[in-house]
Amino acid sequence: MTLRASTAIVGAAETERIGVVPDMSALDMHAQSARLALADAGMTLADVDGVAAAGISPIAVAHYLGITPNYIDATSIGGCSFLVHVRHAAAAISAGLADVILITHGESGRSRTGAPPRAADPASPQGQFEAPYGTLGPPTLFPIGVLRYMKRYGLTHEQLASVAVAQRRWSSRVPRAMFRDLITVDDVLASRMVSYPMHLLECCLVTDGGGALVVTSAARAKAVPGPKPAVYVLGTGEAAETPLVSMMEDFTTSKAFEVSASRAFAEAGIKASDVDHLMVYDAFAHLPIYGLEDLGFVGRGEAGAFIEEGNTSPGGTLPMNTNGGGLSYTHTGMYGMFLVQESVRQLRAEASAQVPGVQTSVAQGVGGMFMSAGTLVLGTEAAAGI
Amino acid sequence: MSPQPSPSGDRPKAVPRPTPETQAYWDAANRRELAIQRCTSCGKAFFYPRSSCPACYSQHVEWFVASGRARLHTYLISHRPAPGFADQVPYAIAVVELEEGPRMMTNVVGVDNTPENLVLDMDLEVDFEPRGAQLVPVFRPTGSPA
């Protein structure tokens, strides 16, 4: 049995405002994006029988909205959770467990309005074997393998900086992006050192915002078309490597990226050269480098030069992170929802920085610090072949 | 990047809280010994402490005192202090590879934590530093004065 093109994303929306939104709670951002995504799908809450959410419990989201779902997915494995929710929704809908599943995200990452506390348990593996060494959030953990990558492959500081430069070229065309001014490699290297070798402009934003998706069967999407073209779920993957970044098997590659993406590509029946548009979760500038290699778009050690040469920039052969990414568009904390939103916009040909003729888009999410991964291969009706 | 929680120089460094399967590791550290585990079925040494072998799932595991020799595998240098680290910024958060194979997160002591001083694969040896009443393993360049 294959789930290829058995389901579709028929509604997608972000909160009206993203960036600095201190006057909305995290929960209310879930609710607002749910309302907007349902309107986008031409549906109402009465159509929804399944709810998935991360960060905040889907039970809290469903009750806030006033519905009693008969399918609940509280998978919370970091920023890629929402991609994995789509995967689980595809399986559940195909198995007849639900008809219409609402996937919501809302996070007051910057303003911390109604945000759950950030707790560190001193008895957890992280609390025992990482925290005593002065870790303080993602900047002190996520980039820890970059120097190993640099030594192994000769990646230069300039190439690493060029990731931020390329993505600013995209966000300069995106009115909703938080950072829109073009930057140079020199600007990046002159920005404040946060966590060597990562400068400020190589680290993601921290923002407020939310988004939601509506997933249903391909059959329903065909029989009851909504106002927007359906985006078909062609292949999906998920994987987990380690809760401790210090325990990564190989600091120059994400095993979770490889496992998740290879499964998604196989299910979709695609190879890297079939992909028109790519989103790779960029909490820090090295993630797109790892992603390009782990997903097989370039060979080992080639991604830095590939980005530096402009291949992922506007006009390049592989448009990547076309909203500007976590580095320039927005990054609420669990950014994965925004990967999917941009893939959907590109496939519907309604993105601010639209790439011509996108038929197949891949969204690659990460959870934690290379802890987990989720992959979606999404396509138009033509790509789905239905 | 955002408004970050303001680092507090007042709060102490994070103190690990042992669990039953890690107690022996922390007790050994308080004796200034780096004790890790080895699987008696497949022979593989591993870290962090567990009741079963992550390579073969055997539950026949034993403790032994590691040599304390290691190499600097990778690191970053944080410019934002965690609680208790205010007078040390910038400081390296490192991963070392023990002579016996396993890797672990640590700090590098006995040398200014600069990119010039911290060369990947340099030889290190274990030392110990307090976190509250608990000693934790740290590493210093081999031969540097304790």
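See the structure printed just above.
Sequence order sets the numbering: in each chain, residues are counted from 1 along the sequence as written. The order in which chains are written sets their letters, starting at A; the order in which ligands are written sets their numbers, starting at 1. The model is predicted, so local features are restricted to residues of pLDDT at least 70 and side-chain atom pairs to those at 80 or more, both for listing and for counting; the totals for chains, interfaces and linings are taken over all residues.

### Describing the overall build of chain A
- Numbered from the N terminus, helices here are DSSP runs of H or I no shorter than four residues, and strands are runs of E no shorter than two. Within chain A one finds 14 helices and 11 strands.
- For 386 residues, the compact-globule estimate of 2.2 N^0.38 gives 21 Å, and chain A sits close to it at 19 Å.
- For chain A, the spread of C-alpha atoms along the principal axes amounts to about 55 × 45 × 40 Å.
- Counted over contacts in chain A with a minimum sequence separation of 6, partners at least 24 positions apart contribute 77%. To get the radius of gyration, use the C-alpha atoms; to get the globule rule, take the number of residues to the power 0.38 and multiply by 2.2 Å. Note on contacts: each residue gets a C-beta atom placed from the backbone, and two residues are in contact if those atoms are within 7 Å.

### Things to note about helix α9 (residues 255-268) of chain A
Residues and elements named next belong to chain A.
- Helix length check: α9 (14 residues) gives 20 Å between terminal C-alpha atoms against 20 Å at 1.5 Å per residue, within 8%.
- Using C-beta atoms placed from the backbone, we call a residue buried if 20 or more other C-beta atoms fall within 10 Å of its own, exposed if 12 or fewer do, and partly exposed for counts in between. Looking at α9, one finds that the buried residues are A256, F257, S260, A261, A264, F265, E267 and A268. With its buried residues spanning 160° around the axis, α9 presents them on a single face.
- Phi for G269, located one or two positions after α9, is positive at around 70°. To estimate how far a helix should reach, multiply one less than its number of residues by 1.5 Å. Note that the arc is defined by the directions from the helix axis to the C-beta atoms.

### Let's talk about the interface of chain B and chain A
- The interface of chain B with chain A comprises 32 residues on the first partner and 31 residues on the second.
- Per-element accounting of the side of chain B that touches chain A gives the leading share, six residues, to strand β4 (residues 69-78) of chain B.
- Nonpolar residues are Ala, Val, Leu, Ile, Met, Phe, Trp, Tyr, Cys and Pro. Charged residues are Asp, Glu, Lys and Arg, and all others, Gly as well, are polar. Among the residues forming the side of chain B that touches chain A, the class breakdown is 18 nonpolar, nine polar and five charged.

### A look at the packing of helix α3 (residues 81-94) of chain A against helix α13 (residues 336-347) of chain A
Residues and elements named next belong to chain A.
- All axes are obtained by fitting lines to C-alpha atoms, using only the stretch in contact for helices, and the reported angles, taken between N-to-C directions, cover 0 to 180 degrees. Packing of α3 against α13 leaves a shortest axis separation of 6 Å and a crossing angle of 60°. On the side of α3, the interface is formed by S81, F82, L83 and V86, while α13 contributes G336, M337 and V340.
- Broken down by class, the residue content of the contact of α3 with α13 amounts to five nonpolar, two polar and no charged.

### With respect to the sheet that holds strand β2 (residues 45-46) of chain B
Residues and elements named next belong to chain B.
- Spatially, the three strands line up as an open sheet ordered β2-β1-β3, and their pairing is antiparallel. Only two strands of the sheet have a single neighbouring strand rather than two, namely β2 and β3 (61-65).
- Note on pairing: DSSP must find at least two bridges between two strands before they are called paired. Sheet topology note: the strand β1 (residues 35-39)/β3 ladder contains five bridges and is antiparallel. Residue pairing for β3: R38 is matched across the bridge by E62.

### Looking at the environment of E309 of chain A
- Mapped onto the secondary structure, E309 of chain A falls in the loop between α11 (303-308) and α12 (325-328).
- Distance in space between the C-alpha atoms of E309 of chain A and Q159 of chain A is 9.2 Å, their sequence separation being 150 residues.

### Remarks on the sheet that holds strand β10 (residues 360-367) of chain A
All names here are of chain A.
- On the basis of which strands lie adjacent, the open sheet formed by nine strands has the order β3-β2-β4-β7-β1-β8-β11-β10-β9 and mixed pairing. For this open sheet the edge positions go to β3 (71-73) and β9 (277-280), each flanked by a neighbour on one side alone. Geometrically, the sheet is characterised by an average inter-axis angle of 25° between neighbouring strands, direction not taken into account.
- Pairing geometry for strand β8 (residues 231-240) and strand β11 (residues 372-379), over eight bridges, is antiparallel. Each bridged residue has a counterpart across the sheet, and for V233 the counterpart in β11 is L378.
- Lying on the sheet, α9 is in contact with β8, β10 and β11; it crosses β8 at an angle near 150°.
- Those strands touched by α13 are β1 (7-14), β4 (100-108), β7 (208-217), β8, β9, β10 and β11, and its axis lies near 175° from that of β10.

### A short note on unusual backbone geometry
- The omega angle of the peptide bond from F47 of chain B to Y48 of chain B is 10°, so this bond is cis rather than trans.
- Inspection of the secondary structure puts Y48 of chain B in the loop between β2 and β3.
- The step from V89 of chain B to P90 of chain B runs through a cis peptide bond, and the omega angle for that step is -10°.
- Here P90 of chain B shows up in the loop between β4 and β5 (91-98).
- Its identity is not glycine, yet F370 of chain A carries a phi of approximately 55°, on the positive side.
- Summarising the element assignment, F370 of chain A is placed in the loop between β10 and β11.

### Comments concerning the packing of α9 of chain A against helix α10 (residues 286-294) of chain A
Residue and element names in this part refer to chain A.
- Where α9 meets α10, the closest approach of the two axes is 9 Å, and the angle between their N-to-C directions is 45°. Here α9 lies oblique to α10, going by the angle between them. Note on packing geometry: the crossing formed by α9 with α10 is right-handed. Residues F257, E258 and A261 of α9 pack against Y290, G291 and D294 of α10.
- Among the residues forming the contact of α9 with α10, the class breakdown is three nonpolar, one polar and two charged. Just so you know how the angles are binned, under 35 degrees is roughly parallel, over 145 roughly antiparallel, 65 to 115 roughly perpendicular, and the rest oblique. Left-handed is the label given to a crossing in which the near helix is rotated counterclockwise from the far helix by less than a right angle, and right-handed is the label when the rotation is clockwise.

### Some details on the pairing of strand β8 (residues 134-141) of chain B
- Direction of pairing for strand β7 (residues 123-131) of chain B relative to β8 of chain B: antiparallel, over a ladder of eight bridges. Note that in β8 of chain B the partner of R131 of chain B across the bridge is Q134 of chain B.

### Focus: the nonpolar core
- Core analysis: the largest hydrophobic core is formed by 164 residues, its most contacted members being V86 and I101 of chain A together with Y75 of chain B.
- For I101 of chain A, the contacting residues outside a window of four places in its chain are G50, A52, Y71, A89, A92, I93 and V215 of chain A. To count as a nonpolar core, a set of buried Ala, Val, Leu, Ile, Met, Phe, Trp, Tyr and Cys residues must be joined through C-beta atoms within 7 Å.

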